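# Understanding the architecture of this molecule
Residue-level listing of the chains:
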Amino acid sequence: MRPAAAGPPPATGPAEARTPAVRWVSRRLTLPLARPTAEAWAACDETVLPELTRAVWNGNGLRLGVLRPGEAARFGEALGPTATRDGQLVVHEFPEVLRETRPLRAEFVADLTLPGEPPRREVFTRGRLRLLVASRPAPGGGKTLTLTPQHHRPRASLLPRSVMEKRLDGRVFDELTIELDVRPGEAVVIGLHRVEPAASESESESEDGIFELTLDPPESPYGLGRGLFTTGLTAADQQVLFLLRPLP
């Protein structure tokens, strides 16, 4: 992504040149992977996605909700202490990269199964996972946000290609694309979806009297959410949330 202070976008192609820029405030929150987040997500409206779309996204370990202006304090208090990094994004209608992982060293799976259809799962490794973002103005002063997961693997070519063409190398999961309108004052929250066990079954008291939450180890291969919204599949792994709020 280009920072807002970088000035006008480079002339990478006619599609981007025709598209008006949309500015977003971006906040990245990092917190322990094992910390429960259900109460924080309860402050968000997840019904902004159709039920089927939400089920497919959740099945891939992806979660999205909209935070209304009056719910920000409740969300922050429920989430607890986090490492925070703020910035601004300039986004166009052609997809750009919101999140990119380190090179993949494990197997990952995209579950594209729809209710009533045979299972469709794609297992892959190498390359990097990305979350692509595009945006355009919406009626009434809002902004339309489009998000698409991608398994990026650069391909060799003897022909010259634009930056935008190279950006879409690999597998773009159009089946998981979501689009929603965001009104002024709202923020989109994007992060990891996982089933949190009941507290009575998951908490254990350590020697110093502090309760610790232990989650079951993830299945192998990993889902898209575990790749996109954690910091590296290590013993010190953390989870990442993104908050995007449109600027006028």
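Anyway, here's the lowdown on the structure attached to this text. In this text, all values refer to a predicted model and were calculated from it rather than measured experimentally. Position numbers for residues count from 1 along each chain, tracking the sequence in the order it is written. Selection of residues for local features in this predicted model requires a pLDDT of at least 70, selection of side-chain atom pairs for listing and counting requires 80 or more, and totals for whole chains, interfaces and linings are taken over all residues. The basis for the side-chain values is all heavy atoms of the structure; hydrogens and waters are excluded.

### Here's the deal with the sheet that holds strand 6 (residues 121-124)
The condition is simple: Only strands joined by at least two bridges in the DSSP assignment are considered to pair. Only runs of H or I of at least four residues qualify as helices and only runs of E of at least two qualify as strands under DSSP, and these elements are numbered from the N terminus.
In space, the three strands of this open sheet follow the order 6-5-14, with mixed pairing throughout. The open sheet terminates on both sides in strands that have one partner only, identified here as strand 6 and strand 14 (222-223). Of the pairings in the sheet, the one linking strand 5 (residues 108-111) to strand 6 comprises four bridges and is antiparallel in character. Across the sheet, the residue bridging to Ala-110 is Glu-122, located in strand 6.

### Digging into helix 4 (residues 72-79)
Defined as follows: The classification of residues rests on relative accessible area computed with a 1.4 Å probe and restricted to protein chains. Under 20% of the type maximum is buried, over 50% is exposed, and intermediate values are partly exposed. Arc, as used here, means the arc of the directions from the helix axis to the C-beta atoms. Every residue pair with non-hydrogen atoms within 4.5 Å of one another is taken to be in contact.
All buried positions along helix 4 are accounted for by Phe-75, Ala-78 and Leu-79. What you see down the axis of helix 4 is that its buried residues fit within an arc of 95 degrees, all on one side. For helix 4, exposure combined with an orientation more than 90 degrees from the buried face picks out Ala-73 and Glu-77. Those residues of helix 4 that are buried are in contact with strand 1 (22-32), helix 2 (38-41), strand 2 (62-67), strand 11 (187-192) and strand 15 (238-246).

### Things to note about the pattern of salt bridges
Using the following cut-off: Any carboxyl oxygen of Asp or Glu that lies within 4 Å of a side-chain nitrogen of Lys or Arg is treated as forming a salt bridge with it.
Under the definition given, this model contains 15 salt bridges. One salt bridge connects Glu-71 with Arg-74, and the closest N-O pair in it is separated by 3.3 Å. Relative accessible area serves as the criterion here: at 24%, Glu-71 is assigned to the partly exposed category. Ionic pairing is found between Glu-122 and Arg-171, a salt bridge with its closest N-O pair at 2.7 Å. With Glu-122 in strand 6 and Arg-171 in strand 9 (residues 171-172), this pair connects stretches of sequence that are 49 residues apart. When its relative accessible area of 27% is taken as the criterion, Glu-122 is described as partly exposed. Each of Asp-45, Arg-68, Arg-183 and Glu-186 takes part in one network of salt bridges that share partners.

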